[in-house]
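Chain by chain, the residues run as shown.
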Amino acid sequence: MIFVGEGALLRRAVTHAATRGHPVDLVCSVDPLDAAAADAPHLAGVDVNAHAATLARACSDGIVWSLNNRQIFREPLLRADGLRIVNIHNGLLPRHRGLPSVAVLFALLHGDTEYGATVHEVDAGIDTGPVLAEHRFPIGPEDRYHQVMLRGIRACQALFEEILPAVTAGTARPARAAAAAEPSAYYGLRALDRIDTYRDHPAYPRATDLGPFAAHAPEVARALSRPPSPRPSRRRSGG
C-alpha cells in the first residue's frame, strides 16, 4: 500500500500499518521521516499526480491511502489500473467537504451539533466519493476550535485503524449513499473571504480560538488577523 499526505496523522498511520504487517510500498510526503517507521521508500513529489506511473508500479496491493493530504487526485492517477484511493477526511461528508481547517471554523459558526471523521473512496470530485465509514462526536455549546479540531484528528486516526482490515481484505463497501436530505457544503480558502460577516456572531470567539493549530492553519490565522473591512456609512436623507 501507498500513503500520501503529511504530518503526525500520516506518520501514525504508516507506523500502525507497518506494525500490523501490511506492506508499505511507498510514502509520498514532504518529510522523509514519514517513511522511516516502515523502512519504506519515500517520494517527495510536489504533485503526486505527476507520478501516477511510479505509484502504479510500486503498489503491491492496489491500495493508496490519503491522510492529512491537501493534494487533489486527478487524471491519470484516478484511472491508474488496479489502484483504489481511500481518503480519511477530518469532517463529516458531505456537510464538511474541503479543508478541515476551514470546515471546523464554519461548523462552529453555523451551530453544527456534530463533527467527526469520514473514510471514503476518492473519485473525480472533491470529497464526493462513496462513504465507507464515519465516526461522529457531538459539538458542545462551549467547545472551541482547537478542541473540535483535535477530536477530529483523533477520530481520523481511530477510523483509519478501524477500517484498515476491511480495506486490505477487500470487504469495505459503501456504508450509505449521500442522502439528498444531508446538506452538502464545500469549505475552501475562498470561504475565508466571508469571515468578516461573522465578527459579531456570538460563536465567533470560540470558533476562532485556534490555540496550537494556528501554526498548522496559517491561511485561517491570516484571515482572522486581517483588520475588519470598513462598513459603508449610512447616508442621512435630507429634510
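Residues numbered from 1 in each chain as written. Predicted model: local features only at pLDDT ≥ 70, side-chain atom pairs only at ≥ 80, totals over all residues. Heavy atoms only, no water.

Thoughts on the overall build of the chain
Point 1. Within the chain one finds six helices and nine strands.
Point 2. The C-alpha extent of the chain, read off along each of the three principal axes, is 80 × 35 × 30 Å.
Point 3. A total of 239 residues make up the chain; the buried ones form 45% of that total.
Point 4. Long-range pairs, those at least 24 residues apart, make up 67% of the contacts in the chain with a sequence separation of at least 6.
Point 5. Surface exposure of the chain reaches about 12300 Å², of which carbon and sulfur atoms provide 53%.
Point 6. With 26 positive and 25 negative side-chain charges, the chain shows a spacing of 9 Å between the two charge centroids. (Helix = DSSP H or I, 4+ residues; strand = E, 2+ residues; numbered from the N terminus. Buried < 20%, exposed > 50% of the residue type's maximum accessible area, 1.4 Å probe, protein only. Contact = heavy atoms within 4.5 Å. Areas by Shrake-Rupley, 256 points an atom, 1.4 Å probe, with all protein chains shown as cover. Lys, Arg positive; Asp, Glu negative; His and termini not counted. Charge placed at Lys NZ, Arg CZ, Asp CG, Glu CD.)

A closer look at the nonpolar core
Point 1. Judged by nonpolar contacts, the single largest core of 57 residues is most densely connected at Phe3, Trp65, Leu67, Leu105, Tyr145 and Phe160.
Point 2. With 10 residues, helix H4 (residues 145–169) is the single largest residue contributor to this core.
Point 3. Judged by nonpolar contacts, the second largest core, of 15 residues, contains Val4, Cys28, Phe73 and Ile85. (Core = buried A, V, L, I, M, F, W, Y, C linked by side-chain atoms within 4.5 Å.)

Thoughts on H4
Point 1. If you check H4, its first and last C-alpha atoms are 36 Å apart, about what 25 residues at 1.5 Å a residue would give, namely 36 Å.
Point 2. Within the span of H4, buried status applies to Tyr145, Val148, Met149, Gly152, Ala155, Cys156, Leu159, Phe160, Ile163, Leu164 and Val167.
Point 3. A positive backbone phi angle near 80° is found at Gly170, which sits one or two residues after H4. (Expected span 1.5 Å × (residues − 1).)

A few points about unusual backbone geometry
Point 1. The omega torsion across Glu75 and Pro76 is 5°, close enough to zero to call that bond cis.
Point 2. Here Pro76 shows up in the loop between strand E4 (63–67) and strand E5 (84–90).
Point 3. Here the amide bond leading from Leu93 into Pro94 is cis, since omega sits at 5°, within 30 degrees of zero.
Point 4. With respect to the helices and strands, Pro94 occurs in the loop between E5 and strand E6 (97–98).
Point 5. Located in the positive-phi region is Asp127, a residue other than glycine, with phi close to 60°.

Considering the pairing of strand E7 (residues 114–121)
Point 1. A large share of E7 lies buried, amounting to six of its eight residues.
Point 2. Where E7 and strand E8 (residues 131–138) come together, seven bridges link them in antiparallel fashion. Paired with Glu114 across the strands is Pro138, a residue of E8. (Pairing = 2+ DSSP bridges.)

A word on the layout of surface pockets
Point 1. Considered as a void within the structure, the largest pocket measures approximately 960 Å³ in volume.
Point 2. Forming the boundary of the largest pocket are 36 residues, of which Asn68, Asn69, Arg70, Leu99 and Pro100 lie nearest the centre.
Point 3. Each residue belonging to the lining of the largest pocket can be placed in one class, and the counts come to 18 nonpolar, 13 polar and five charged.
Point 4. Space inside the second largest pocket adds up to approximately 150 Å³.
Point 5. Lining the second largest pocket are Gly5, Glu6, Cys28, Ser29, Val30, Leu43, Ala44, Gly45, Val46, Asn69, Arg70 and Gln71.
Point 6. Among the residues forming the lining of the second largest pocket, the class breakdown is five nonpolar, five polar and two charged. (1 Å grid on protein atoms, 1.4 Å probe; cavity = no way out; pocket = protein on both sides within 12 Å on 5 of 7 lines; lining within 4 Å. Points joined across faces, edges and corners; volume = space filled by probe spheres on them. Nonpolar A, V, L, I, M, F, W, Y, C, P; charged D, E, K, R; others polar.)

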